[in-house]
Every structure is written in structure tokens, then in C-alpha cells.
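Listed here are the chains, written in short residue letters.
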Amino acid sequence: MSETINIRQIAALAKLSVAPDEEERLSREMEAILAFGRQLQELPLEGVPQTQHILDQHAVLRTDAVQPGLPSCAVLEAAPARLDEYIAVPRTVE
Amino acid sequence: MSITSMTLTALCDALKRKELTPLEVVRSYLDRIHQVEGHIGAYISLEGENALLKAEESMDRLPLQGIPVAVKDNICIENRRMTCASRMLEHFVAPYSATAWQRLERAGCILLGKTNMDEFGMGSTTEHSAFHETHNPHDLTRVPGGSSGGSAAAVAAGEAAFALGSDTGGSIRQPAAHCGVVGMKPTYGTVSRYGLTAFASSLEQIGPITRTVADNALALSVMAGCDPRDGTSVAHPGHFSAQLGMDVKGLRIGLPKEMLAGDVAPEIRTAVLEAAKTLEALGAAVVEISMPTVKTALPAYYIISSAEASSNLARFDGVRYGSRAADYADLDEMYVKSRTEGFGEEVKRRILLGTYALSAGYYDAYYKRALQVRTLVIRDFRQAFTQVDCLLSPVTPQTAPKLGELADPVQTYQGDLYTVTANIAGIPALSMPCGRDEKGLPIGLQLMGPAFSEPLLYRIGHALEAALGPVTGEVHL
């Protein structure tokens, strides 16, 4: 199985942009990596369950009690743009 | 012997007996860093005077009192920059500390600095750092391995008593092998991942890089433990140093034939087989076994890790922290420009691969199949551990390449063939030096055991280390 990769579409899904002069090289590299990944398609895997996670443990629940969190000033300190006590972002609602 | 070439264990003893003071130890390390860091480039940021102040305040009677440590720059330390070697986080200052570091700090460790790495842990040479290259202390024209290349180089060059790395597919063990030091990827869940920047959450662990096997067991003892802030962390049932000094008589050690065939360099194969003979001479039984899924573990690893990375790195969008593009017309353009400008080439490649593998129409062909192969790899290990106590293999198929030598991504990925299996199966794996090639470059071997068998791996590694004697030679800088 071989597929043609629409690198622009994948980049759009990943919120990345690819410069026109990079498209061909990136597509070529991706195709080489996927050819390597296609080894998986040659294996007989009928009926083999998937392992999502190595541990048997499931949702670990904590006591429903208030715990101290990060102070909001520490969070705001890391924000790239602030407006008073808020993180500033471009307008999303007209 | 100089302070900076002492083992962690010897340093702890000398500090406890007050033959040395924390201030003397830290000053020696700062002098050494001043002397060699210009050649190595192990660090992204250095503590300098801060480390001396901490040494002056150092408390008595702590297990690692006054021990200077280097920490990979994807592990948070409160009020310190944490860059992940990425432009995306170039100016990010961590508002809290990772649990692994908190435990070391409470035990008396002193931070020397944060080490260089491949951006977000994606790479095997440390050349994918956005800031600078790191040079292998055994040959400055070569890479130290990666992604924890700065940590391994710092330990090998005497720039830290030990270092923290993180291992998603070999990122502790491979640079340890290239730099002639000891690295452990613990059983999944042994060390809390709280405060470790997530790359592939189901695969990665923090672990120590040290000069000796006993040092490694000591460092891991302090870092390990269940943490309520990481639901995947578990209480380890064993004491890591408990079996050190015990012999290996009667143990059964498996040599997976698939890991000694193919592209492994003849000198590496010979060194690993010589180590197997040494273990036999010490009373262990060495048997050849077969692990047919080894080859398919590698593509499965790259699909799973890239899929998890594409999801984990979605948080870097220029909103709450990290870099934000200077000019944008709307929110969407802000996301795209911030991510495109902030991430380096290899990170983008993995995000694109992961996005593709998870996208409609390709999920079943790639991601689902990779998770099925994961099951087969786990079964293969379970089967192997019914026959043997541990497995012995090379860490890498080649010794450290020259800087700039590995340009092709697929060729680079092939180098992870022997290390990714332990991450896929969640089992512990120890990398330790076992010889040198004709160029004088260190060769590493890997010991893998069932989940929570770290004390056994340390026992075997310790016995082997004593029998082999010094194998990597001095670092001359």
C-alpha cells in the first residue's frame, strides 16, 4: 500500500505551515518514514488486542478535597501577553 | 584522585566523614565546568554562584548532601528556565519543580545547571537542540548521542557528579553508551513524570546517568516512589541497591539473536559477546533466545511516539506560555505562526507524522497496528522471561557518529532498534560500558529484565563492571 501525502492538509490539521520550497522535501521524507512504518501492514495481526498503556491500573482517584494550586500570578508570569489579571488573546467573538 | 573524578558513592562517603565539604565539592565542579565546558557544550544554563550559595547552606546528614547534579532541560525546576532546547520555550521559567528533582533536592543535591538535549527529546545526537551542539568528551568531533546528550556528556567530562535524563526510546541509554557512562531507564511508573515535559507519555521515564552501576542504584533510590501528582507512578517493590555485591551464579542470561544480527558493528557484537563470556565465567548461564518481534518494534515505536507527541505538543499554541508570534491577523494565524516559528525541523516532522497516523483513513493502518505490535512485543518479553532472568544486548548498532554524519531521518531512527523495545514493554533497561572500538570510542551493553527487576539488573551490572575493570579509558580535555 502506498499513498500520496498531502503535506499541506496534514500541516493544517497540526496547526503548522509549510513553506512552498519545503513541501517537496518534507513530503519525500514523510513518504520514506511511512514506507518504514508500512512494515506493520505486512504482519498478521488479526485478533491481536491493542495495548494503549502498559500499566493495569485505571483511573486513579484522589480524595475530593481542595488542594493548593499554582498561584495565578505564577501562571500569568509565563503568559506571552497579559491584560490585567487575564491572558490576552486575539478576539474570537465579534 | 580529583574530586570531579570521584564516584557518587565515594563522594557521599567523603562528605559524610567530613573529609570534604559541600563547598569544596561544588567549587571543584564549577572549576571543572569553567575549564572544559567551552569544548563540550553540555549545559544550556548554569547555576554558578547560586550553586555555591546552596553549598554554603547545605544541611548535614542528608543522603546526598552537597552532591552537584545536572538536570536535563525538559525537567521543571522552580524559578529556573526550562527550554526543552526549543525556541518555543526559550524564555520559559518553570513555576514549580518536578517531583524527581524535589526528591533529590530534599536529599541534599545541589543543582549545577540544565543540560542540552534534542529539542523536546526528539533525536539521537543532541544536534536537534535549537541552541548549540554538544561534543562527545571521548572525541570532540563526534556527537554525545541523544536526546539526553548534555547529561551524558556532563557526567563523562566530570562536569557533574551525576545527571538526570529522560528516556522515551533510548534517550538515557544511548547517550550513556556513546559517552562511556551508566544509564538506567526504569520500569514505567518507577519515577514520577510530574514536571517532565511530555513527549510520549505512555513510553517515557526519568532516570539517572552516573559513572558506576552502584552510583546509579543510589541515585534512583532517592528519585523513585509513588507520587499523587502522577497517576501512573507506582511504589517500587524492591530496594535498588539491595542486591549489589551478590554474585551471578545460577542466573540465566538470554542473548536475543535478533539483536546481535544485521547491522550491528562487529566490534560491538564482539564486546557484548565477551561480556557474556565474562558473566559465564562468573557462574551465570548464557543462552541464545529468539525475539521475533524486535524488528517490528521500531516502526511501531515511531508511530506511537509521534502520535502521542502530536497530541502532547498541541498545548504549545502561543496562548498560556511559550513563544507567541509577533504578527498575526487572528487566533488561528497566531496558533500556526507561533508553532511554525517555535518548533524545529525534527519536532515538526514528528508532529506531522503523528497527525497523519492519527488522521481519518490512516488510523487503522498505522496507529492501531502499532498498538497491536506493542502487544506482541510485550508477549515476546513475557515469553523470554519464562526462560531467562534477564536479556543482554548491544545498546546501539554503531559507536558515536561524527557531528553532522546522520542527515537522513530514517537512517537515524534505525539506531534506536535495540532500545525502543524496553519502552514499548515498559520494562527496565540498564546501559553500561563494556569496551572500546578501534577508534577508542566507548561501546555499551544493555541489560533488560522484567518489570521492577532493577535490583537484579544492578546486581548483574555491578558484578560485570567489577570483572571487566575500567573499559572506556580516561577523558582528556
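Residues numbered from 1 in each chain as written. Chains lettered and ligands numbered in written order. Predicted model: local features only at pLDDT ≥ 70, side-chain atom pairs only at ≥ 80, totals over all residues.

Next up on the list: the overall build of chain A. A tally of helices and strands in chain A yields three helices and two strands. Ordering the α and β elements of chain A from the N terminus gives α-α-α-β-β. Since a compact globule built from 94 residues should have a radius of gyration of about 12 Å, the 23 Å found for chain A marks it as more spread out than a globular shape. In terms of overall dimensions, chain A has C-alpha extents of about 55 × 45 × 25 Å along its principal axes. Each of the 94 residues in chain A was classed as buried or not, and the buried ones make up 14%. (Helix = DSSP H or I, 4+ residues; strand = E, 2+ residues; numbered from the N terminus. Rg over C-alpha atoms; globule rule 2.2 N^0.38 Å. Buried ≥ 20, exposed ≤ 12 C-beta atoms within 10 Å, placed from the backbone.)

Here we take up the sheet that holds strand β4 (residues 162–167) of chain B. Residue and element names in this part refer to chain B. One open sheet accounts for eleven strands, arranged β1-β3-β2-β4-β6-β5-β10-β11-β9-β7-β8; its pairing is mixed. Each edge of the sheet is formed by a strand with only one pairing partner; in this case those strands are β1 (43–46) and β8 (285–289). In this sheet, adjacent strand axes meet at a mean angle of 30° when their direction is disregarded. As paired strands, strand β7 (residues 252–256) and β8 are joined by five bridges and run parallel to one another. Note that in β8 the partner of leucine 255 across the bridge is glutamate 288. Relative to strand β10 (residues 429–436), helix α15 (residues 454–468) is tilted by about 10°, and along the sheet it contacts β5 (182–185), β9 (390–394), β10 and β11 (442–448). (Pairing = 2+ DSSP bridges. Axes fitted to C-alpha atoms, helices over the stretch in contact; angles between N-to-C directions. Contact = placed C-beta atoms within 7 Å.)

A few words on helix α11 (residues 345–358) of chain B. With 14 residues, α11(B) should cover 20 Å at 1.5 Å per step; its first-to-last C-alpha distance of 20 Å lies within 8% of that length. Burial of α11(B) is extensive: eleven of the 14 residues sit out of reach of the surface. Among the residues of α11(B), Glu346(B), Val347(B), Lys348(B), Arg350(B), Ile351(B), Leu352(B), Leu353(B), Gly354(B), Thr355(B), Tyr356(B) and Ala357(B) are the ones counted as buried. Its buried side turned inward, α11(B) meets α1 (7–13) and α2 (20–37) of chain A together with α9 (294–312) and α12 (364–387) of chain B. (Expected span 1.5 Å × (residues − 1).)

So, about the interface of chain B and chain A. With 53 residues of chain B in contact, the opposing surface of chain A contributes 41 residues. Elements that contribute at least two residues to the side of chain B that touches chain A include exactly α9, α10 (331–342), α11, α12 and α13 (409–414) of chain B. For the side of chain B that touches chain A, the element with the highest residue contribution is α12(B), accounting for twelve residues. Among the residues forming the side of chain B that touches chain A, the class breakdown is 30 nonpolar, 14 polar and nine charged. (Nonpolar A, V, L, I, M, F, W, Y, C, P; charged D, E, K, R; others polar.)

Residue and element names in this part refer to chain B. Within the fold, valine 69 resides in strand β2 (residues 68–72). Along the primary structure valine 69 and alanine 154 are separated by 85 residues, whereas in three dimensions their C-alpha atoms are 9.6 Å apart. Look past the residues within four positions of valine 69 in its chain and what remains in contact with it is Leu104, Cys109, Ile110, Leu111, Leu112, Ala160, Ala161, Phe162, Ala163 and Leu164.

This part covers the confidence of the model for chain B. Put simply, chain B has an average pLDDT of 96, and 100% of its residues get 70 or more. Per the prediction output, this complex has pTM 0.97; the corresponding ipTM is 0.94. (pLDDT = per-residue confidence, 0-100.)

Now for the packing of α9(B) against α12(B). Residues and elements named next belong to chain B. Here α9 crosses α12 at 125°, and the two axes come no closer than 9 Å. The angle between α9 and α12 falls in the class oblique. Here α9 runs over α12; the crossing is left-handed. Counted together, Thr296, Ala297, Ala300, Ile303, Ile304 and Ala307 of α9 and Tyr366, Tyr367, Ala370, Leu371, Val373, Arg374 and Val377 of α12 form the full contact between these two elements. Residues of the contact of α9 with α12, tallied by class, amount to eleven nonpolar, one polar and one charged. (Parallel < 35°, antiparallel > 145°, perpendicular 65-115°, else oblique. Left-handed = near helix turned anticlockwise from the far one by under 90°.)

Moving on to α10(B). In this model α10(B) runs 16 Å from its N-terminal to its C-terminal C-alpha over twelve residues, within 8% of the 16 Å that 1.5 Å per residue would give. Taken as a whole, α10(B) has its buried residues at Met334(B), Tyr335(B), Val336(B), Lys337(B), Ser338(B), Arg339(B) and Gly342(B).

Residues and elements named next belong to chain B. A large share of β11 lies buried, amounting to seven of its seven residues. The alternating pattern of β11 places Pro442, Gly444, Gln446 and Met448 on one face and Ile443, Leu445 and Leu447 on the opposite face, and all of these are buried. Pairing of β10 with β11, which is carried by seven bridges, proceeds in the antiparallel orientation. By the bridge assignment for β11, glycine 435 is matched with isoleucine 443.

Another point: the nonpolar core. Residues and elements named next belong to chain B. Residues Val69, Ile75, Ala160 and Cys390 are the most contacted members of the largest nonpolar core, which totals 158 residues. Sort the elements by how many residues they give to this core and α9 lands first, with ten residues. Apart from residues no more than four positions distant in its own chain, alanine 160 is found in contact with Tyr29, Pro68, Val69, Ala70, Leu112, Ala154 and Val155. (Core = buried A, V, L, I, M, F, W, Y, C linked by C-beta atoms within 7 Å.)

Take unusual backbone geometry next. For the bond running from Gly146(B) to Ser147(B), omega is 10°, close enough to zero to count as cis. Along the polypeptide, Ser147(B) turns up in the loop between β3 (110–115) and α5 (149–156). The backbone of Asp84(A) shows a phi angle near 50°, a positive value even though the residue is not glycine. Assignment of secondary structure puts Asp84(A) in the loop between β1 (82–83) and β2 (86–87).

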